[in-house]
Amino acid sequence: MPKSQITQTRMEANQKEIAQVSRRKFLGFAGAATGLIVVASSCNKNDSPTGSTGTADVDLGSGDFGILNYAYALEQLEAAFYTKVIDSPYSGIPAQELAMLTDIRDHEIAHREFFKTVLADKAIGDLEFKWTGIDFASRDSVLATAKAFEDLGVAAYNGAGRLIVMADYLVVAGQIVSVEARHAAYIRDIISNGTFADDTVVDAMGLDGSKKPLEVLEIASNYIVTTIDASNLPTY
Amino acid sequence: MNINHILNEMNKVDADLYDRIDTRRSALRDFANMSGKVALAAVPIAFGSLFKKAYAGTTGVADAAEILNYALTLEYLEAEFYSMALLSPNLIPAGAASQAIQTISKHETAHVNFLISAIGAVGGTPVDKPTFDFSAGNGTGEGPFKTVFSDFGLFLSVAQTFEDTGVRAYKGRAAELVGAGAYLTAALQIHSVEARHAAHIRQMRKNYGSGVGNVKPWITGNMSGINTPLVQPSYNGEDNTTIAGVPIVNINGFSISADAASESFDEPLSPADVLAIIDGFIV
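For clarity, every value in this text was computed on a predicted model and none was experimentally measured. Just so you know, the residues in each chain are numbered from 1, in the order the chain's sequence is written. As they are written, the chains are lettered A onward and the ligands numbered 1 onward, keeping that order. Totals for whole chains, interfaces and linings use every residue, but because this is a predicted model, local features are given only for residues with pLDDT of at least 70 and side-chain atom pairs only at 80 or more, for both listing and counting.

Novice: Got a minute to help me understand the overall build of chain A in this structure?
Specialist: What counts as a helix is a DSSP run of H or I of at least four residues, what counts as a strand is a run of E of at least two, and both are numbered from the N terminus. A count of helices and strands for chain A gives seven helices and two strands. Start at the N end of chain A and walk to the C end: the helices and strands fall as α-α-β-α-α-α-α-α-β. Remark: C-beta atoms are placed from the backbone, and a residue is labelled buried if 20 or more other C-beta atoms sit within 10 Å of its own, exposed if 12 or fewer do, or partly exposed between those counts. The buried share among the 236 residues of chain A stands at 51%. Relative to all contacts within chain A whose residues are 6 or more apart in sequence, the contacts with residues 24 or more apart total 78%. For the purpose of contact definition, each residue receives a C-beta atom placed from its backbone, and two residues are in contact when these atoms lie within 7 Å.

Put into C-alpha cells, the structure is as follows:
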C-alpha cells in the first residue's frame, strides 16, 4: 500500500477522535489555563449550539492528529515570522545572512505545508499573528526573536515526541526537530559566535530543552491572535 | 571491528540474546561461518539484520538497554574523538575554535555519563568503551584519516561526519522508542544537541577551509562538502524530498526547491548503515 494511502487510512481512523470535541471539557480546561485561551474576544461563538470548539477559534484535537496540529500551529508561526523577515529584511543585512534566513524561511514553509497536507481536512485553519515588540528593521530584534522561536521549537518537539503513538509520525518529528536545532545553532552563532549550544539551552547532562505543549503554547500565544484550544491534546 | 567480540559483549549485556535467537541458532552458526568468508565491509550489515531479527517483535527493558547501549557506543566514539583532539598539540586554533570544541567535548562526555546512568536505571549493563582508531584503519593507525589529529581541516571533516551521522543514528532508532516516555525524551534531547554541534562544525568548516563548497549548517541534497568519497555513506539518502508520502518540492504551490526540500528534513540511518560507517574506527 502506498504511503499516502496508509496516511489516509490513519486519518480516517483518527477522525472520530478528532470530532469528539467536548465543550464541557474545554470549559473545565479554560478555568485552569486562562492564559492560553483568550475567551472574551470570541464569546459570540457560544451562541451557536453546533459550535464544536467552545469559545476558542481553533481546537487542535486529540491523539496524534492533535500533536500534528500543535506542530502545524508552531510551524505556521515560524513560517509567518521568517516570511515577514525576508519580505523586508533589516537594513544592511549581509548577503550570506539573507541567504541563510531565506533558507530557513523555505524550511519552515516546507514544514508548515507538510503538516497541512498530512492533516488534510483535520488541519486547523490559518492562524493570525501579532508581532508585538518585534522591530523588523532591527537586526538585534529579529535575531533575538528568531533565537527564541528556534529554541522554543526544539523544546516543543523534544517535549511532544513521547506523546506520539504512530512511529512514522515520531520519525518525521525527529526529521524536523534536528533541522530546527540546526537553525537555532546558526541563529545563535550569528548573534554571538560559539553560543550554538551554550549553557542557557543545554544542561549539565548535555541535554537540550524539552517543554510540554501547554508550556510552549503559553509562550507562543504572545504572538498568536487566534485562540487555541489545546485541552484535548494527550498529556504526561 | 571484531564481530564476535561485539556479539559476546551484546550477550553479556543481554543474557537473553542467545535465547531470543535460539530458534535461529543455525542462522547464527551460518553467520559465524559466513563472516570469515565475506568482505569485512559487508559484515556489519549482516550483523545488523541478524540483530534486528533477534529482537523483532519484542519490547521492554532489554530493548531499551540495547538501544541506549547503541547510543552509548556512538557517544563513546565522539567523546574520545574530541578528548584526543583537545590533547593534540597545534591542532585546534586557540580562541573561538578551541572554545567550541571544548563545548562539544563537554557535551559528548556528559552524554556518555548520562547514558551509562540511564542503562543502569533500566536494569541493563553498559557496554565497555571500544578501542578506537580515528585513522579509520581498524587498529593499524594507518587508515585514510591518519592525520586527523594534526590536520585541522581533516579533523573538522571527520567531526562533521560524526555529528551528522549521530543525528541520523538517533533518528534511526526513534520508531523503537514509541511509548518509552522519559527515555524517548532524553534521546530526543541528546539528538538535538548533536544537531546543534553539526551546524556549528559546518560553519567552522565554511569559515576555515577552502574546497568545502557551499556547506551550510543544514544538509543540502546528499552533499557532504567533504573532498573524499569515504564519508559519502553518511550522506546517502539525505537528498530525499518525499516525507511520509508527501512530496515537498513546490508543495502546495510554494516555491520550494529540491535543495530546500532536502534541507528541511534530516533523514534517519539504520543501525546496519551506522555500524558500517563506524566500522573502520573501531578496533
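Novice: Explain the overall build of chain B to me, please; I cannot follow it from the model alone.
Specialist: A count of helices and strands for chain B gives 10 helices and two strands. Secondary structure of chain B in N-to-C order comes out as α-α-α-α-α-α-α-α-β-β-α-α. By residue count, 48% of the 283 residues in chain B fall in the buried class.

Novice: What exactly am I supposed to notice about the environment of Phe 152 of chain B here?
Specialist: Residue and element names in this part refer to chain B. Assignment of secondary structure puts Phe 152 in helix α7 (residues 152-174). In sequence terms Phe 152 and Tyr 208 are 56 residues apart; their C-alpha atoms lie 9.1 Å from each other. For Phe 152, the contacting residues outside a window of four places in its chain are Leu 91, Ile 92 and Tyr 208.

Novice: Please clarify how the interface of chain A and chain B should be interpreted in this entry.
Specialist: As a measure of interface size, the accessible area lost when the parts come together is often cited. Across the boundary between the two partners, chain A contributes 51 residues, which contact 50 residues of chain B. Of all the secondary-structure elements, those providing two or more residues to the side of chain A that touches chain B are α1 (3-19), α4 (95-119), α5 (139-160) and α6 (167-191) of chain A. Ranked by residue count, the leading element in the side of chain A that touches chain B is α6 of chain A, at 17 residues.

Novice: How should unusual backbone geometry be read in this particular structure?
Specialist: Glycine aside, residues mostly have negative phi angles, and peptide bonds mostly take the trans form. Even without being glycine, Ala 120 of chain A reaches a positive phi, approximately 50°. Considering the arrangement of structural elements, one finds Ala 120 of chain A in the loop between α4 and α5. Phi is positive for Asn 90 of chain B, close to 60°, though the residue is something other than glycine. With respect to the helices and strands, Asn 90 of chain B occurs in the loop between α5 (61-87) and α6 (96-121). Its 8 C-beta neighbours within 10 Å are what place Asn 90 of chain B among the exposed residues.

Novice: Hey, could you run me through the packing of α4 of chain A against α6 of chain A in this one?
Specialist: For any two helices packed against each other, one specifies the inter-axial angle together with the distance between the axes. Residues and elements named next belong to chain A. To obtain each axis, a line is fitted to C-alpha atoms, and for helices this fit is confined to the stretch in contact; angles are then taken between N-to-C directions over 0 to 180 degrees. Running from N to C, α4 and α6 cross one another at 155°; their axes reach a closest spacing of 11 Å. The orientation of α4 with respect to α6, classified from their angle, is roughly antiparallel. The way α4 lies across α6 gives a crossing that is left-handed. Listed contacts from α6 to Glu 97, Met 100, Ile 104, His 107 and His 111 of α4 are Ile 176, Val 179, His 183, Tyr 186 and Ile 190. Among the residues forming the contact of α4 with α6, the class breakdown is six nonpolar, three polar and one charged. Geometric relationships in this document are graded by angle, where less than 35 degrees denotes roughly parallel, more than 145 denotes roughly antiparallel, 65 to 115 denotes roughly perpendicular, and other angles denote oblique. Crossing handedness is defined as follows: a turn of the near helix away from the far one that is anticlockwise and smaller than a right angle gives a left-handed crossing, while the clockwise case is right-handed. Each residue is assigned to one class: nonpolar for Ala, Val, Leu, Ile, Met, Phe, Trp, Tyr, Cys and Pro, charged for Asp, Glu, Lys and Arg, and polar for all the others, Gly among them.

Novice: Just checking my understanding: could you explain the packing of α6 of chain B against helix α8 (residues 182-208) of chain B for this structure?
Specialist: All names here are of chain B. It is the contact of α6 with α8, at a shortest axis distance of 11 Å, that shows an interaxial angle of 160°. Viewed along their axes, α6 and α8 adopt a mutual orientation that is roughly antiparallel. Where α6 crosses over α8, the handedness of that crossing is left-handed. Of the residues in α8, those in contact with Ala 97, Ala 100, Ile 104, His 107, His 111 and Ala 118 of α6 are Tyr 183, Ala 186, Ile 190, Val 193, His 197, His 200 and Met 204. Tallied by class, the residues present in the contact of α6 with α8 amount to nine nonpolar, four polar and no charged.

Novice: Looking at this structure, I do not really get α6 of chain A. What am I missing?
Specialist: Given 3.6 residues per turn, any residue in an α-helix points the same way as the ones three and four places further on. A helix's residues, less one, multiplied by 1.5 Å, set its expected span. Taking 1.5 Å of rise per residue, 25 residues should cover 36 Å, and α6 of chain A covers 36 Å from first to last C-alpha, within 8% of that figure. With 21 of 25 residues buried, α6 of chain A lies mostly within the body of the structure.

Novice: Just checking my understanding: could you explain the nonpolar core for this structure?
Specialist: Looking at soluble globular proteins, one finds that nonpolar side chains tend to be buried together. By our criterion, buried Ala, Val, Leu, Ile, Met, Phe, Trp, Tyr and Cys residues that link up through C-beta atoms within 7 Å make up a nonpolar core. Judged by nonpolar contacts, the single largest core of 137 residues is most densely connected at Leu 68, Tyr 70 and Ala 173 of chain A together with Leu 68, Ala 71 and Phe 155 of chain B. With near-sequence residues (within four places) excluded, Leu 68 of chain A lies in contact with Phe 115, Val 118, Leu 119 and Tyr 169 of chain A.

Novice: What should I look at first to understand the confidence of the model for chain A in this one?
Specialist: Atomic detail in the predicted coordinates should be set aside for any region of low pLDDT. Residues and elements named next belong to chain A. The predictor's confidence in any single residue is recorded as pLDDT, a number from 0 to 100. Taken over all residues, the pLDDT of chain A has a mean of 84, while the share at 70 or more is 77%. Counting contacts from residues 1-35, a segment whose pLDDT is below 50, to residues more than four positions away or on other chains yields 38 contacts. The model gives residues 38-53 a pLDDT under 50, and that stretch makes 17 contacts with residues more than four places away or in other chains.

Novice: Before we go on, may I ask you to explain the confidence of the model for chain B in this structure?
Specialist: Residue and element names in this part refer to chain B. Summary statistics for chain B give a mean pLDDT of 83 and a share of 78% for residues scoring 70 or more. The low-confidence segment residues 1-59, where pLDDT is below 50, has 53 contacts with residues more than four positions distant or belonging to other chains. Under the prediction, the complex receives an ipTM of 0.81, its pTM being 0.81.

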